Amino acid sequence: MFQPRRLPWPVALGFTLAAAVLLVWGAHGITQKARQAILDRDAELTARVWGEFLVANLGSIADLLAGRPVSEADQRLLSCKRQTAAIFRFKIFDGNGLLRHVADCGRWDDMHRVAQGERSSDAAAVAQSGSPQVFARRGDGVSRPQLYAAAFMPLALEQDVMGVIEVYIDHTARARMLESVLLTAGASISALAGSAFALPALLALWHARERRKTAHRLRHVASHDELTGLLNRSALVERIDQLMARKTEFAVHFIDLDRFKDVNDNHGHPVGDALLREVAERLLHIASDSICVARLGGDEFAMVQELAPADELASMRLARRIVTAIDLPFHMGEVEARIGASVGTSLYPRDGQNRERLLVAADLALYAAKRAGRGRAVGFESSIEEERRSRQALEARLRQAVEDEDFEIYYQPLYSTDGKTLRAFEALLRLNAEDGTPISPAVFIPVAEELRLIDRIGQWVLREACQTATLWPGSISIAVNLSPLQFLSGSLSTIVHSVLDETGIDPRRLELEMTESVLLEKPDAILAQLNIIKSFGVSIALDDFGTGYSSLSYLWRFPFDTLKVDGSFMVGLNDPASRSREVLDTIIALGRVLNLHVTAEGVETREQIEVLRELHCDFVQGFLLGRPVRSTEVASVILEALKPRDEEPPLILPQRKQA
Ligand code: C2E
Ligand code: MG
Ligand code: MG
């Protein structure tokens, strides 16, 4: 659709002003013309009146015009003694323009002497035409008035032109008076007309200013983050494109705040917003003129830093300064908060020849900084990309395995320390990559935890392992590992209960293994869940004991039945300097005091099992006694274990006696 084009405001304003000037100039011209017309008309009138007066009052005008002597009375009349103030001279010509009489009067008297018989072509022309003629003249103010008129008027008697009278009229005072009157009128008209233009012009000016302001505001909004006033993502991208076009070397720093969500959750959004503003302040404080700072959204910021050629170290210096600046405590009113920042840096042109590549590189570096434990700066390296790719592949594989229940459970036997009595199997989850190579649970379990898939996986393992164990002799228990995250939902006890129900397994044959890391957060809530689970008859083992905090208070506050000593102690037994034996001795003694069974994991050698026997450890688990096997191979392990002891009663892991 056709849109009328708006004139640019300076052009419109120029037009308006020019029109106003033209108007004022025009008004001035008109007043000048009007003044002259009035003066001319006035002169003509004066000349006519004076001419008619003379014609009417002279005794013999014919004598005068013929150059004959005139009477005394006529001479008196012609002497100009009675003339009005404005007439300072008059001349009388005959019909041929020959001067017959001249009279000077007033202050201009004697200033001008004219010879009798002088001929005036103007007078002759007027006599010829019968039409009056007026000439406006300027004098020097000394010999003649500054402004005067010479009006030629035919002297007629009953329609016959007999001669011409030329009357000189001093217009100086009258012109001045008219000037002032017309000037006032002209000024008023000009002011009115001017304001008729000026108002719209001023209005246009105001509109233009408003438009400029709005455009500026819109540009600002479009390129800035509202909360912090920093540049936004699109402005940052623009800056990157500019630097690339100039072939300047530069660094892109992606900054992600650590633990910002906690501040928001614990103190509310206004405090969170104040913190983001303070972060922006600190970043601006450490940024020089050649560095631009942007907020990309949420708790993500970015900086683009111009670099001198081959000065890559400067980028890492800045990245570390960012980490240090954000590490200092923040004060928002009453609230003090400590967060941190992870920084990922990529360099142009080294890490990416185009914008997309460069931003991906900075993002990957940031990802690596966060994975490495946060609160640090990491520069992009190609290995990060490979890591990320394999991580993404693992995530995809995990999601698909959860959908298709494409996991497998291996079972590893636990024996009494004499190595002959099979007590239980530990269920150990297995996952293969697409190409069939096994992925260690130590690798995929943490990823499943991060992706919050562990609840579904954990439930599946529990149900599957209990189901499988129902096929075994009732003397053999099943141990199932729990992730700390499975406690968070609060529904673990319900899940355990329904699995016991569904599978019909004797609860006393089920042992759940947990690590103490889960107890660091919300220990009371976890204690409550454990007590419910315990009330079903299920036992609880503390796994990997000796690797974490190994807090004694956990041991007596929580209803554990078994301590599983971490395999690292077995490795230590091979080294006499490590004093693992003494520590193991103490742990086993502690277990005895607290009425707990002690299981040693990772037993690989005869020497290790010898030591465990000497220390009266209850149970052992390790490659020496049996590797984890498929469910289909469990039967042969059981048969092998039961063979020499057919007559023994079925063994059930005894529950810890309640204190
Ligand atoms: P864990 O619960 O301490 O399991 C024992 C680990 O030690 C198993 O590793 C087992 O294969 C390994 N092992 C047993 N005997 C020996 C030995 O003599 N020498 C050595 N070097 N290792 C031995 P795996 O199967 O790789 O599992 C690793 C960890 O993954 C487990 O440690 C457990 O924490 C976790 N995990 C395994 N399955 C599950 C599961 O279903 N759910 C959860 N939440 N975690 C699981
Ligand atoms: Mg375990
Ligand atoms: Mg363990």
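Residues numbered from 1 in each chain as written. Chains lettered and ligands numbered in written order. Predicted model: local features only at pLDDT ≥ 70, side-chain atom pairs only at ≥ 80, totals over all residues. Heavy atoms only, no water.

Within the protein chain, residue pLDDT values average 88, and 93% of them lie at 70 or more. Note that residues 646-659 has pLDDT below 50 and, in this model, 31 contacts with residues that lie over four places away or in other chains. (pLDDT = per-residue confidence, 0-100. Contact = heavy atoms within 4.5 Å.)

A word on the coordination of the magnesium ion (ligand 3). Only Asp 543 (OD), Asp 544 (OD), Glu 601 (OE) and Glu 601 (OE) from the protein coordinate the magnesium ion (ligand 3), and they sit 2.0 to 2.5 Å from it. Of note, the donors binding the magnesium ion (ligand 3) are all from one chain and are spaced D-D-x56-E. Taken as an interatomic distance, the gap from the magnesium ion (ligand 3) to the magnesium ion (ligand 2) is 4.0 Å; Asp 543 donates to each of them. Of this pair, Asp 544 sits in strand 18 (residues 539-545) while Glu 601 sits in the loop between strand 20 (597-600) and helix 20 (606-614), and the two are 57 residues apart along the sequence. A residue is classified by how much of its surface remains accessible, and Asp 544, at 26% relative accessible area, is partly exposed. Under the relative-accessibility criterion, Glu 601 is labelled buried at 11%. (Donors = N, O, S within 2.8 Å, 3.2 Å for Na, K, Ca; no water. Helix = DSSP H or I, 4+ residues; strand = E, 2+ residues; numbered from the N terminus. Buried < 20%, exposed > 50% of the residue type's maximum accessible area, 1.4 Å probe, protein only.)

This brings us to the coordination of the magnesium ion (ligand 2). Only Glu 426 (OE), Asn 481 (OD1), Glu 513 (OE) and Asp 543 (OD) from the protein coordinate the magnesium ion (ligand 2), and they sit 2.0 to 2.2 Å from it. Going along the chain, you hit the donors of the magnesium ion (ligand 2) in the pattern E-x54-N-x31-E-x29-D. Residue class for Asn 481 comes out partly exposed when judged on its relative accessible area of 28%. Residue Asp 543 is classed as buried on the basis of its relative accessible area of 8%.

Here we come to the site of ligand 1. Near ligand 1 you find 21 residues, and of these Arg 430, Asn 481, Asp 543, Glu 604 and Phe 623 are the closest. In this structure, Asn 481 approaches ligand 1 through a side-chain N or O atom, which is 2.9 Å from an oxygen atom. Between ligand 1 and Glu 604, the relevant distance is 2.5 Å, taken from a nitrogen atom to a side-chain nitrogen or oxygen of the residue. A total of 780 Å² of accessible area belongs to ligand 1 in isolation, and the protein chains cover 77% of it. (Near = heavy atom within 4 Å. Polar contact = N/O pair within 3.5 Å; in protein donor to acceptor, adjacent residues only side chain to side chain. Areas by Shrake-Rupley, 256 points an atom, 1.4 Å probe, with all protein chains shown as cover.)

Turning to the nonpolar core, a few remarks are in order. Counting residues in each nonpolar core, the largest one holds 81 residues, and the members touching the most others are Phe 407, Ile 478, Leu 510 and Leu 512. In terms of residues, this core owes the most to one element, helix 13 (residues 454-469), which gives eight residues. Beyond its immediate stretch of four places on either side in the chain, Phe 407 contacts Leu 398, Ala 401, Val 402, Leu 429, Arg 430, Leu 431, Phe 444, Ile 457 and Trp 460. Listed in part, the 31 residues of the second largest apolar core include Ile 255, Phe 260, Val 293 and Val 343. (Core = buried A, V, L, I, M, F, W, Y, C linked by side-chain atoms within 4.5 Å.)

Attention shifts here to the packing of helix 8 (residues 269-286) against helix 9 (residues 312-327). The geometry of helix 8 relative to helix 9 is characterised by a closest axis approach of 10 Å and an angle of 145° between their N-to-C directions. Regarding helix 8 and helix 9, the two cross each other, and that crossing is right-handed. Note on element contacts: helix 9 touches helix 8 through Leu 318, Arg 321, Ile 322, Ala 325 and Ile 326, opposite Val 279, Arg 282, Leu 283 and Ile 286. In terms of residue class, the contact of helix 8 with helix 9 is made up of seven nonpolar, no polar and two charged. (Axes fitted to C-alpha atoms, helices over the stretch in contact; angles between N-to-C directions. Left-handed = near helix turned anticlockwise from the far one by under 90°. Nonpolar A, V, L, I, M, F, W, Y, C, P; charged D, E, K, R; others polar.)

Before going further, it helps to examine unusual backbone geometry. Glycine aside, residues mostly have negative phi angles, and peptide bonds mostly take the trans form. Between Tyr 348 and the following residue, Pro 349, the backbone shows a cis peptide bond with an omega angle of 10°. Phi at Arg 374 is positive, roughly 65°, even though this residue is not glycine. The topology assignment puts Arg 374 in the loop between helix 10 (355-371) and strand 12 (377-379). Phi at Glu 405 is positive, roughly 50°, even though this residue is not glycine. Inspection of the secondary structure puts Glu 405 in the loop between helix 11 (382-404) and strand 13 (408-416).

For the largest pocket, the calculated volume is near 970 Å³. What lines the largest pocket is a set of 39 residues, and nearest its centre among them are Glu 426, Leu 428, Pro 441, Asn 481 and Asp 543. Looking at side-chain class alone, the lining of the largest pocket contains 17 nonpolar, twelve polar and ten charged residues. Space inside the second largest pocket adds up to approximately 250 Å³. Taken together, Glu 449, Arg 452, Pro 484, Leu 485, Leu 488, Ser 517, Val 518, Leu 520, Glu 521 and Ile 526 form the lining of the second largest pocket. For the lining of the second largest pocket, the per-class residue count stands at six nonpolar, one polar and three charged. (1 Å grid on protein atoms, 1.4 Å probe; cavity = no way out; pocket = protein on both sides within 12 Å on 5 of 7 lines; lining within 4 Å. Points joined across faces, edges and corners; volume = space filled by probe spheres on them.)

What follows is about the packing of aromatic side chains. Two measures describe an aromatic ring pair: the distance that separates the ring centres and the angle between the ring planes. Applying the stated rule across the entire model yields twelve aromatic pairs. Consider the rings of Phe 93 and Phe 152, whose centres lie 6.3 Å apart with planes at 35°: the pair is tilted. Taken as a pair, Phe 93 in strand 1 (residues 87-94) and Phe 152 in strand 4 (residues 147-157) lie far apart in primary sequence, 59 residues in all. The pair Phe 93 / Phe 152 is uniform in exposure class, with both members buried. For the ring pair Phe 407 and Trp 460, a centre distance of 6.1 Å and an interplane angle of 45° mean the geometry is tilted. With a gap of 53 residues between them, Phe 407 in the loop between helix 11 and strand 13 and Trp 460 in helix 13 connect regions that are remote in the sequence. Within the aromatic cluster, the residues linked to one another by ring pairs are Phe 88, Tyr 148 and Tyr 168. Above the plane of the ring of Tyr 168 lies Arg 89, whose end atom (NZ or CZ) is 5.0 Å from the centre. It is Arg 388 that lies over the ring of Tyr 367; its NZ or CZ is 4.2 Å from the centre. (Phe/Tyr/Trp six-rings, centres within 6.5 Å; stacked < 30°, edge-to-face > 60°. Lys NZ or Arg CZ within 6 Å of the ring centre and 35° of its normal.)

Read from one edge to the other, the open sheet built from five strands follows the order 7-8-6-11-12, with strand pairing classed as mixed. At either end of the open sheet lies a strand with only one pairing partner, and these are strand 7 (291-297) and strand 12. Neighbour-to-neighbour, the strand axes of the sheet open up by a mean angle of 20°, direction not taken into account. Bridge analysis of strand 6 (residues 250-258) against strand 8 (residues 300-306) gives seven bridges, and the strand direction is antiparallel. Note that in strand 8 the partner of Ile 255 across the bridge is Phe 301. Most of the contacts of helix 9 go to strand 11 (residues 340-348), to which it runs at about 165°, and overall it touches strand 6, strand 7, strand 8, strand 11 and strand 12. (Pairing = 2+ DSSP bridges.)

Before going further, it helps to spend a moment on the pairing of strand 16 (residues 477-481). Judged by how many residues are buried, strand 16 sits mostly within the fold: four of five residues are covered. With four bridges connecting them, strand 14 (residues 422-432) and strand 16 associate as parallel partners. Each bridged residue has a counterpart across the sheet, and for Phe 425 the counterpart in strand 16 is Ile 478. The pairing of strand 16 with strand 17 (residues 510-514) spans four bridges and is parallel. The partner of Asn 481 across the bridge, within strand 17, is Glu 513.

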